[in-house]
Amino acid sequence: MRLKYLLIIGILISCFTSGELLAQFNKEKFGKNRIQHKDKEWYFFTSNNFEVYYYDGGRTNARMAIDFLESEFDNLTQSIGYVAYTKPKIFIYNSKQELLESNLNLNTNNFTVDGQTFFSKLLAEAAYLGSWESFKKELLYKTSKIIIEEMLYGASISDAFQSNLVNNFPDWFIDGAAKYLAYGWSREMDDFVRHYLRDNENPKLFKLQDEEAGLVGQSIWNYVVEKYGRRYLSSILNLSRINRNEGTSIANTLGRRFKDFTGEWMKFYTDINKGVFENFKDINEDNVINVTPKNRFGKITDISFSPDGKNLAYVENVEGKFKVKVREVSSGKESVIFKGGYVSFEQEADTLNLVIGTFKRGVTTLRMRAIDGSSQDKIFLRNITQILDLDFSPDGRTMVLSAINNGKTEIYTLNMKGQGRRITNDVFDNRTPIYLNDSTIIYASNKVDLPDSLLTGVIDVHNFPNYYNLFQLNLGDTVSETRLTNLNHINLYPAKLNNATILFLSEQSGITNLMRLGLGNSVSSQVSAFNQSLESFDYDLQNNKWAYAVKDGTQTKLVLENFPNLDQFTPSTPRVQLEQYKGRLKK
């Protein structure tokens with residue numbers, strides 16, 4: 001059957017010394033709890049202070065990672081006030097799926113490399129997800145956490161056992177400190193604590209767990225630094241190492257009773273966010289059509305309308321378990337059509353057809369089939385480590401994808417026979433592509449103009465900016481490129497409004513909201529003004545509706561409503577204003 005039109009939902013599952021040393025893991029380390037689809041031959045780079053392990057396809061990123069960690073070592077150890085007894089060992093995975101298959105973190109007290117068993121807590125794992133902007137922070141977070149844990153619990157297993165008998169520090173204290181060292185006053189934490197403190201007048205810090213504990217703890221450490229100074233971070237951690245009590249350490253270091261300190265922490269964020277709640281607005285709860293379970297971290301992503309707007313597809317992820325759902329807009333009836341992978345659908349007559357992407361046994365595969373399971377075809381993408389985003393051309397003959405190959409995130413086109421073409425070829429992260437028409441692609445990238453001398457050899461990732469701009473590619477025998485935005489914040493997920501206008505998500509105000517960009521004049525304007533960040537969206541041209549997902553604490557809500565094609569204006573959040581002020585002082 002000829003494909004007339006395809007809409008895509010992309011989900012990420014797979015959604016120095018001179019020598020380079022080979023390290024084969026003992027097969028006994030792989031337990032029954034996780035299935036290892038592919039044996040890995042591990043290599044590692046070693047420097048003065050780190051060992052970074054990688055396997056096939058991860059060499060370039062591992063080398064850049066160890067250079068980055070080494071450059072951050074002095075700042076990290078000074079902030080913590082502690083130097084680890086042995087080198088932290090960081091294991092880098094080429095995809096999230098391969099990290100989930102790993103058994104290393106199931107028992108972090110011991111692991112075996114090259115036939116030798118090591119007993120250490122200085123072991124961390126990180127997956128490269130196609131963005132150095134986030135990967136740099138993930139490396140710092142994982143490294144900071146294991147160093148802090150060794151500092152508080154000791155370097156040996158016996159030390160850690162005795163320390164746990166005396167006191168086990170709460171999640172918010174350790175995880176929050178590591179998150180702050182890596183992410184600082186981040187947009188994610190700012191969003192979370194703003195609503196958390198509005199909804200919880202008397203938060204129970206010691207009952208917090210997992211991601212919620214980490215974000216609240218991150219906000220507490222951020223308050224300590226903003227109010228008292230960065231040097232107090234290491235002072236509190238070192239005193240906790242001695243007296244084994246985080247509350248007493250904070251009280252003795254800051255000269256404030258812990259109860260008074262927590263009250264002042266709450267007042268700090270409540271006061272600075274009064275203006276945010278006045279200038280930004282809440283979502284309309286009457287238009288919420290789905291919400292992830294309470295008290296479990298959930299996300300709704302990859303929202304996509306069918307061509308006629310009668311169906312809405314999206315991906316629901318609750319603590320790592322993915323479901324692809326299709327909702328009939330008129331009736332609200334929903335069905336789960338797939339669990340895990342990437343999926344698209346096209347509509348011809350009354351038949352709904354699927355294009356499903358999976359990562360299994362080390363191979364990325366696109367499966368095309370009718371919704372009843374018939375007429376199945378496959379495209380094997382053996383050179384692709386993971387697909388980050390997918391979209392189809394209006395005629396349905398070609399797809400464009402952002403994918404990782406050998407540690408590089410590039411834009412590719414692919415026809416329905418599996419014949420591909422690489423469109424970009426550089427050192428930058430090229431993401432979230434869409435077709436504006438059959439010969440024009442819009443995508444986001446962190447590319448900047450750098451001298452050739454900085455683009456050869458081992459790349460210094462400090463030269464990669466922590467923001468993304470939008471670019472236009474005109475396809476033909478040759479490819480021409482035009483920069484559409486030139487902003488110093490994150491701009492991602494373009495979507496077509498019409499032939500002359502696109503929509504995209506931007507953190508310009510400090511909260512991720514929807515923007516509109518005219519392609520002829522490159523002037524952008526704000527469309528939404530919510531006080532919670534949007535995570536995903538799609539626009540239905542046929543019915544002038546839009547659907548979007550917004551984070552609300554540990555939950556994510558899916559909203560469906562008429563599209564507000566009106567200009568909005570909001571001031572920057574206090575976090576962004578302070579960031580801009582500090583930036584001016586440095587100049």
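In the block above lies the structure referred to throughout.
Read on for a plain summary of the structure. The structure displayed is predicted, hence computed values, not measured ones. Per chain, residue numbering runs from 1 following the sequence as it is written. Only residues with pLDDT of 70 or above have their local features reported here, since the model is predicted, and side-chain atom pairs are shown and tallied only from 80 upward, although totals for entire chains, interfaces and linings are computed over all residues. Side-chain descriptors were evaluated using all non-hydrogen atoms of the structure, hydrogens and water having been removed beforehand.

### Overview of the overall build of the protein
Piece 1. Across its full length, the protein holds 12 helices and 32 strands.
Piece 2. When each of the 587 residues of the protein is scored for burial, the buried share is 56%.
Piece 3. If you sum the accessible surface of the protein, you get close to 26,100 Å²; carbon and sulfur atoms cover 45% of it. Only runs of H or I of at least four residues qualify as helices and only runs of E of at least two qualify as strands under DSSP, and these elements are numbered from the N terminus. Buried residues are those whose accessible area, probed at 1.4 Å on protein chains only, stays under 20% of the maximum for their type, while exposed residues exceed 50% and partly exposed ones sit between those limits. Method for areas: the Shrake-Rupley scheme with a 1.4 Å probe, in which residue coverage is limited to the protein chains shown.

### Some remarks on the pairing of strand E31 (residues 545-552)
Across a regular strand the side chains alternate sides, sitting on one face of the sheet and then on the other.
Piece 1. Taken across its eight residues, E31 has seven buried, putting it largely inside the fold.
Piece 2. Bridge count between strand E30 (residues 534-540) and E31: six bridges; the pairing is antiparallel. Of the residues in E31, the one forming a bridge with Asp538 is Ala547.
Piece 3. Paired strands, in this sense, are two strands between which DSSP finds at least two bridges. Connecting E30 to the next strand, E31, in antiparallel fashion are four residues, including Asn544 with a positive phi near 50°.
Piece 4. Here E31 folds back onto strand E32 (residues 555-562), and the loop between the two strands holds two residues, one of which, Gly553, carries a positive phi near 70°.

### Describing the side chain of Ser240
Piece 1. The topology assignment puts Ser240 in helix H8 (residues 231-243).
Piece 2. Between N or O atoms, a polar contact is any pair within 3.5 Å; within protein, one atom must be a potential hydrogen donor and the other a potential acceptor, and residues adjacent in sequence are included only when both atoms are from side chains. Separated by 3.0 Å, the side chains of Ser240 and Ser249 make a polar contact.
Piece 3. Should any heavy atoms of two residues lie within 4.5 Å, those residues are counted as being in contact. Non-local contacts of Ser240, meaning those with residues more than four positions away in its chain, are made with Leu152, Phe169, Phe173, Asn245, Glu246 and Ser249.

### Here we look at the pairing of strand E5 (residues 89-93)
Piece 1. By the criterion of burial, E5 is predominantly enclosed, with five of the five residues buried.
Piece 2. Of the two faces of E5, the one holding Lys89, Phe91 and Tyr93 and the one holding Ile90 and Ile92 are both buried throughout.
Piece 3. Sheet topology note: the strand E4 (residues 51-54)/E5 ladder contains three bridges and is parallel. When the sheet's bridge partners are listed, Glu51 is paired in E5 with Lys89.
Piece 4. The parallel pair E4 and E5, bridged by helix H1 (residues 59-80), forms a crossover whose chirality is left-handed.
Piece 5. Pairing geometry for E5 and strand E8 (residues 123-127), over five bridges, is parallel. Counterpart to Phe91 in the pairing with E8 is Glu125. Every crossover in which the path from the first strand over the helix to the second runs clockwise, viewed with the strands pointing away from the viewer, is termed right-handed.

### Remarks on the packing of aromatic side chains
Given two aromatic rings, one states the distance between the centres and the angle between the planes to describe the pair.
Piece 1. Side-chain rings of Phe, Tyr and Trp (the six-membered ring for Trp) are treated as a pair once their centres are within 6.5 Å; stacked means planes under 30 degrees apart, edge-to-face means over 60, and tilted covers the remaining angles. All told, the structure shown has 36 aromatic pairs when counted by the stated rule.
Piece 2. Taken together, a centroid distance of 4.9 Å and an interplanar angle of 85° make the contact between Phe268 and Tyr269 edge-to-face.
Piece 3. Overall, Phe268 belongs to the partly exposed group, its relative accessible area being 23%.
Piece 4. We classify Tyr269 as buried; its relative accessible area is 1%.
Piece 5. The criterion is that NZ of a Lys, or CZ of an Arg, lies within 6 Å of the ring centre and within 35 degrees of the ring normal, and then a charge sits over that ring. Over the ring of Phe471 we find Lys447, and its NZ or CZ is 5.4 Å from the ring centre.

### Details of the sheet that holds strand E21 (residues 420-422)
Piece 1. Taken in spatial order, the four strands line up as E18-E19-E20-E21 in an open sheet, and their pairing is antiparallel. Every other strand in the sheet has two partners, leaving strand E18 (386-392) and E21 as the edge strands with one partner each. Looking at each pair of strands side by side, their axes are set apart by 25° on average, direction ignored. Each axis is a line fitted through C-alpha atoms, and for a helix only the stretch in contact is used; angles between axes span 0 to 180 degrees, taken between their N-to-C directions.

### As for the nonpolar core
Piece 1. One finds Ile80, Trp132, Leu139, Ile148, Phe173 and Trp265 to be the most contacted residues of the largest nonpolar core, which totals 74 residues.
Piece 2. If one sorts the elements of this core by residue count, helix H3 (residues 132-153) sits on top with 11 residues.
Piece 3. Only buried residues count toward a nonpolar core, which is a set of Ala, Val, Leu, Ile, Met, Phe, Trp, Tyr and Cys residues joined through side-chain atoms within 4.5 Å. Within the second largest apolar cluster, 16 residues are counted, among which are Ala495, Leu534, Tyr548 and Val559.

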